[in-house]
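Per-entry structural report
Chain residues, written in single-letter form:
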Amino acid sequence: MAHDHHDHDHDHGQEPPSDMALRVKALESLLVEKGLVDAAALDAIVDHFEHKVGPRNGARVVARAWTDPAYKARLIADATGAIAELGYAGGQGEHMVVVENTAQVHNLVVCTLCSCYPWPVLGLPPVWYKSSPYRSRAVIDPRGVIAEFGTELPADVEVRVWDSTAEIRYLVLPQRPAGTEALGEEALAALVTRDGMIGTARL
Amino acid sequence: MNGVHDMGGMQGLGRIEPEPEGHAFHADWEGRVHAMSLASPTRSNIDAGRHQRELIPAPEYLRMSYYEKWFRSLSDRLLEQGLVTPQELASGRADAGGPTATPRLAAADVEPALNRRGAYVREIATPARFKPGDVVRTRNIHPDGHTRLPRYVRGHSGVILRMNGAHVFPDSHAHGKGEDPQPLYTVRFTAQELWGAAANPRDSVSLDLWEPYLERA
């Protein structure tokens, strides 16, 4: 079956109880038996989140903004529309806002109340983004959080945290790294990381 | 409600564990829970779903992983709405003689459904009370139902950065009381206003807040 191809390492420190797989399987077979869900539709949904959305979509948006000033202007003015130009739209991306990092400004995105995240451009969030330590600390100690991810921000860089409390979803436009003038859009996209677009890293 | 889900500003909840890119799900069952939650014909909306997860008792909320919470709220919704019986949920088998439905979502409909642009913006007749640049104060309210005004920002002054049009109001929508759209503003608070003089004077936190959460400062 299409959904039996995983073999992930469970090293993220949040092990589900061992019976979750069995309980979920039991619920699925029940819902299929009762005609409430179609197993092939479930396969297609899993495939969507594993293969159709993810941070590579956001990386293409960023690389386009780095190389095309007119696109960047549209992205800042109407992020939802500019992102849709590249074919990315849908649930959890209905009202996009792009916030731009500069030498003097660093942006960080969080959802303290749940786990709001821009699915069409970043896919599903990493476990840490949904977990208590990040949700609690990002607003009160953003510099400490960013340092834990490996970046010490100078005190004179302004940190702007965005807490996604409504249906607006935020994407950070990182600064284009120095020395990349010769690179094309595709090579630039490869430099853009998920954490750079959340703001826990600086490219 | 002043639940443990409203955790902005809390300390001591553990270490952040970075993780490489590449996996949408960390076990097959997580993907199935996500897919069943989207495909099941339960009557719900995004705000009611969030409130349902907020109602998970605090000790369990803190212990459970994200998809365990989703599984719990999906199971609860199926039971509450009579789509499955407790015996069926326990056994994983349909009761004899029970009704058989036709799935709402077929495989071919999945991509169009997931790529559809829904929207939470609505036209309303009432003009917005505030405009960008206005100084506002968040109300000191403690509703026992769903709200998207976090505790850490209540009673504080901020500046309206942006007016986002009128959006569906979660405090109403989560409780089946209709969309009641209200003007939605992005409001910037200085870090020192929220966290005191020890915070970096350059830093800020911005939130998207509905007009009923705000009063003129």
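It should be noted that the structure appears before, not after, this text.
Presented here is an overview of the structure given in this document. (Residues numbered from 1 in each chain as written. Chains lettered and ligands numbered in written order. Predicted model: local features only at pLDDT ≥ 70, side-chain atom pairs only at ≥ 80, totals over all residues. Heavy atoms only, no water.)

The next point concerns the overall build of chain A. Scanning chain A for helices and strands turns up 11 helices and 4 strands. Across its three principal axes, chain A shows a C-alpha extent of roughly 60 × 35 × 30 Å. Looking at chain A residue by residue over its 203 residues, the buried ones come to 61%. When contacts within chain A are restricted to residue pairs at least 6 apart in sequence, those whose partners lie at least 24 apart make up 70%. Only carbon and sulfur atoms are counted for the fraction: they give 53% of the accessible area of chain A, which is about 7,400 Å². (Helix = DSSP H or I, 4+ residues; strand = E, 2+ residues; numbered from the N terminus. Buried < 20%, exposed > 50% of the residue type's maximum accessible area, 1.4 Å probe, protein only. Contact = heavy atoms within 4.5 Å. Areas by Shrake-Rupley, 256 points an atom, 1.4 Å probe, with all protein chains shown as cover.)

Further remarks concern the interface of chain B and chain A. Every contact between the two is made by 97 residues of chain B and, on the other side, 91 residues of chain A. Considering only the surface of chain B that becomes buried against chain A, B:Ile16, B:Glu21 and B:Arg32 emerge as the three largest contributors, covering 10% of it. In this assembly, chain B and chain A are joined by 8 salt bridges. As a salt-bridge pair, A:Glu28 and B:Arg32 come within 2.8 Å of each other at their nearest N and O atoms. At the surface where chain B touches chain A, the tally comes to 30 residue pairs in polar contact (both at pLDDT 80 or more). Per-element tally for the side of chain B that touches chain A: the top contributor is helix H1 (residues 28–39) of chain B, with 10 residues. Grouping the amino acids of the side of chain B that touches chain A by side-chain chemistry returns 50 nonpolar, 24 polar and 23 charged. Inspection of the sheet shows strand S3 (residues 158–163) of chain A paired to strand S5 (residues 204–210) of chain B by 4 bridges, in the parallel sense. Its bridge partner being in S5(B), A:Asp163 is matched across the sheet by B:Leu207. (Buried area = accessible area lost by both parts, 1.4 Å probe. Salt bridge = Lys/Arg side-chain N within 4 Å of Asp/Glu carboxyl O. Polar contact = N/O pair within 3.5 Å; in protein donor to acceptor, adjacent residues only side chain to side chain. Nonpolar A, V, L, I, M, F, W, Y, C, P; charged D, E, K, R; others polar. Pairing = 2+ DSSP bridges.)

This part covers the packing of aromatic side chains. Describing an aromatic ring pair means giving the distance of the ring centres and the angle of the ring planes. All names here are of chain A. Using the criterion set out here, one finds 16 aromatic pairs over all chains in the structure. Look at Trp 128 and Tyr 134: their rings are 5.0 Å apart centre to centre, the planes differ by 75°, and that puts the pair in the edge-to-face class. An identical accessibility class is assigned to Trp 128 and Tyr 134; each is buried. Here the aromatic residues Tyr 117, Trp 128, Tyr 129, Tyr 134 and Phe 149 are joined through ring pairs into a cluster of three or more. (Phe/Tyr/Trp six-rings, centres within 6.5 Å; stacked < 30°, edge-to-face > 60°.)

On to the state of the cysteines. Applying the stated rule across the entire model yields 0 disulfides over all chains. A:Cys111 takes part in no disulfide bond, and the closest cysteine sulfur to it belongs to A:Cys114, at a distance of 3.6 Å. (Disulfide = S-S within 2.5 Å.)

On inspection of all chains with the given rule, the structure shows 26 salt bridges over all chains. Measuring nitrogen to oxygen at the nearest pair gives 2.6 Å for the salt bridge that ties A:Glu100 to A:Lys72. Here A:Lys72 lies in helix H4 (residues 69–77) and A:Glu100 lies in strand S1 (residues 95–100), a separation of 28 residues in the sequence. Here B:Asp6 makes a salt bridge to B:Arg154, at a shortest N to O gap of 4.0 Å.

The phi dihedral of A:Gln92 falls on the positive side, at around 70°, and the residue is not glycine. You can see A:Gln92 is positioned in the loop between helix H5 (79–85) and S1. A positive phi is found at B:Asp180, a non-glycine position, where the angle reads about 35°. One can find B:Asp180 in the loop between helix H7 (170–173) and strand S4 (182–190). B:Asp180 sits in the partly exposed class, given a relative accessible area of 38%.

Here the focus is the nonpolar core. In this structure, A:Leu75, A:Tyr134 and B:Leu214 are the most contacted members of the largest nonpolar core, which totals 100 residues. For B:Leu214, the contacting residues outside a window of four places in its chain are B:Arg129, B:Phe130, B:Val136, B:Arg137, B:Thr138, B:Arg139, B:Ile160, B:Tyr185, B:Val187 and B:Leu209. (Core = buried A, V, L, I, M, F, W, Y, C linked by side-chain atoms within 4.5 Å.)

Counting through the fold element by element, B:Arg32 comes out in helix H1. When its relative accessible area of 3% is taken as the criterion, B:Arg32 is described as buried. Looking at B:Arg32, its side chain comes within polar contact range of the side chain of A:Glu28, at 2.8 Å.

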